[in-house]
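Descriptive structure summary
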Amino acid sequence: MKPTEDALHQTIGNNPIQNYLSEFVYGAIDGSVTTFAVVAGATGAGLSSSIIIILGFANLIADGFSMSVGAYLSSKTANDNYHKHRLTEYWEIENIPDSERKEIEDIYRAKGFAEPLLTQVVDVITQDKDRWVNEMMKDELGMMKESKSPFSVGLATFVSFIVVGFIPLMLYVYDYMAGAEFNLFLYSTILTALAFVMIGWLKTYVTQTSHWKGILETLMLGGIAAVLAYFVGGLLEQILR
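Below, the structure is looked at part by part. Numbers given for residues are sequential positions, taken from 1 along each chain in its written order. Only residues with pLDDT of 70 or above have their local features reported here, since the model is predicted, and side-chain atom pairs are shown and tallied only from 80 upward, although totals for entire chains, interfaces and linings are computed over all residues. No hydrogens and no water enter the side-chain calculation; it runs on all heavy atoms of the structure.

So, the side chain of serine 188
Structurally, serine 188 is set in helix α9 (residues 184–207). Counted as a polar contact is a pair of N or O atoms within 3.5 Å, where, for protein atoms, one must be capable of donating a hydrogen and the other of accepting one, and residues adjacent in sequence contribute only when both atoms are in side chains. A distance of 2.8 Å separates a polar atom in the side chain of serine 188 from the backbone oxygen of proline 168. Every residue in contact with serine 188, bar those within four places of it in the chain, is listed here: Phe36, Val39, Pro168, Leu171 and Tyr172. Helix and strand definitions here come from DSSP, where helices need a minimum of 4 consecutive H or I residues and strands a minimum of 2 consecutive E residues; each element is numbered from the N-terminal end. Two residues qualify as a contact provided that any one of their heavy atoms is within 4.5 Å of a heavy atom in the partner residue.

Considering the packing of helix α2 (residues 21–44) against helix α3 (residues 49–95)
It is at 9 Å that the axes of α2 and α3 come closest, and there the two elements cross at 155°. Relative to α3, α2 is oriented roughly antiparallel. As for how α2 packs across α3, the hand of that crossing is right-handed. On the side of α2, the interface is formed by Tyr26, Gly27, Asp30, Thr34, Thr35, Val38, Val39, Ala42 and Thr43, while α3 contributes Ile52, Leu55, Gly56, Asn59, Leu60, Asp63 and Met67. In this count, Pro and Cys sit with the nonpolar residues alongside Ala, Val, Leu, Ile, Met, Phe, Trp and Tyr, while Asp, Glu, Lys and Arg are called charged and the others, Gly among them, polar. Class assignment of the residues belonging to the contact of α2 with α3 gives a composition of eight nonpolar, six polar and two charged. Helix axes are fitted only over the stretch in contact, all axes being lines through C-alpha atoms; the angle between N-to-C directions runs from 0 to 180 degrees. Note that the term roughly parallel is reserved for angles under 35 degrees, roughly antiparallel for angles over 145, roughly perpendicular for angles of 65 to 115, and oblique for everything else. Left-handed is the label given to a crossing in which the near helix is rotated counterclockwise from the far helix by less than a right angle, and right-handed is the label when the rotation is clockwise.

Points about the packing of aromatic side chains
Think of it this way: a Phe, Tyr or Trp ring, Trp meaning its six-membered ring, pairs with another when their centres are within 6.5 Å, and the plane angle makes it stacked under 30 degrees, edge-to-face over 60, tilted otherwise. Under the definition given, this model contains five aromatic pairs. Note on phenylalanine 36 and phenylalanine 185: the rings are 5.9 Å apart at their centroids and 5° apart in plane angle, and the pair reads as stacked. In this pair, phenylalanine 36 sits in helix α2 while phenylalanine 185 sits in helix α9, placing the two residues 149 residues apart along the sequence. Relative accessible area decides the class of each residue, using a 1.4 Å probe on protein chains only: under 20% of the type maximum gives buried, over 50% gives exposed, and in between gives partly exposed. Residue phenylalanine 36 is classed as buried on the basis of its relative accessible area, which comes to 4%. On the basis of relative accessibility, which here comes to 21%, the residue phenylalanine 185 falls in the partly exposed class. Ring geometry for phenylalanine 57 versus phenylalanine 166: centroids 5.9 Å apart, planes at 50°, classification tilted. Separated by 109 residues along the polypeptide, phenylalanine 57 in helix α3 and phenylalanine 166 in the loop between α7 (150–165) and α8 (170–178) bring together distant segments of the chain.

Quick word on the nonpolar core
The term nonpolar core refers to a set of buried residues drawn from Ala, Val, Leu, Ile, Met, Phe, Trp, Tyr and Cys, joined through side-chain atoms within 4.5 Å. Core analysis: the biggest nonpolar cluster contains 14 residues, and Ile104, Tyr108, Ile125, Trp132 and Met137 have the highest contact counts within it. Elements supplying a minimum of two residues to this core: α3, α4 (97–110), α5 (117–126) and α6 (129–140). Other than its neighbours up to four places away in sequence, methionine 137 contacts Tyr82, His85, Arg86, Glu89, Gly142 and Met143.

Considerations on the environment of leucine 221
With respect to the secondary-structure elements, leucine 221 resides in helix α10 (residues 211–240). Owing to a relative accessible area of 46%, leucine 221 belongs among the partly exposed residues under this scheme. Taking the C-alpha atoms as reference points, leucine 221 and valine 33, separated by 188 residues in sequence, lie 7.6 Å from one another. What leucine 221 contacts, discounting residues up to four positions off in sequence, is Ile29 and Val33.

So, unusual backbone geometry
Of note, the bond from glutamate 115 into proline 116 is cis; its omega dihedral lies within 30 degrees of zero at 5°. Locating proline 116 in the fold gives a position in the loop between α4 and α5.

A closer look at a nonpolar patch on the surface
Residues form patches when they are more than 30% accessible in relative terms and have no salt bridge. Like charges link within 9 Å. Nonpolar side chains (Val, Leu, Ile, Met, Phe, Trp, Tyr) link within 5 Å. Here the open area of atoms and residues is found with the Shrake-Rupley method and a 1.4 Å probe, where only the protein chains shown may cover a residue. Should a side-chain nitrogen of Lys or Arg be within 4 Å of a carboxyl oxygen of Asp or Glu, the pair is scored as a salt bridge. A cluster of nonpolar side chains, namely Phe65, Val69, Tyr72, Leu73, Phe151, Leu155, Val159 and Val163, defines an oily patch on the protein surface of about 740 Å² accessible area. Contributions of two or more residues to the nonpolar patch are made by α3 and α7. By the element assignment, valine 69 lies in helix α3.

A closer look at the side chain of serine 32
Locating serine 32 in the fold gives a position in helix α2. Polar contacts involving the side chain of serine 32 include one to the main-chain carbonyl oxygen of alanine 28, which spans 2.8 Å. At 3.2 Å, the side chain of serine 32 forms a polar contact with the backbone oxygen of isoleucine 29. When residues no more than four places from it in sequence are discounted, the contact partners of serine 32 are Val164, Gly165, Pro168, Thr192, Phe196 and Ile199.

Written as structure tokens, this is what we have:
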């Protein structure tokens, strides 16, 4: 790995926002792709900048809120499910300890532990109920406690959706306020493509894939959505005029 990439990994790893990088990336992808699709569709239909702004901001607020609520509810459901199963494990340890001890033995035997070490390990684990439950949650149920709060997950998703999703609309807002003498859709496409590159690059630190793969996947996704929206907008404009 190159030194610059090592430094970036270290920076990301030491930054508190690293916990919410995945929410930022996927919120940003959805925000930029859907908003640019709205802009492309409206441009294909020959709509004015003011109409594009209305449609774009309606998409930003409604879709951004919907996505953040979905992320919040998904995280909250996972947390609630974890705590429900944790309480169940405490009850089983209190009421059927022999059966639960046998499960710990089976787990560590499957990992390659044999007597007399197996009994020693099981004794250590079962001496502390919290440790015992943690082992059951991780090794029996495959469940890990989520460190991120559902509210923070939803907020990170909403903020990234709004901030990055605004990029395709920037020039149209500028045109409405001050007037522009250049091709709005062309330059909006360039800005959005740069945003896709940035998001795709960041996505590789979530998915642990190559930079080129992450960037090209994001560019392709956004490009396909924009092309479809542009031609659908133009087609509907011809049909409904």
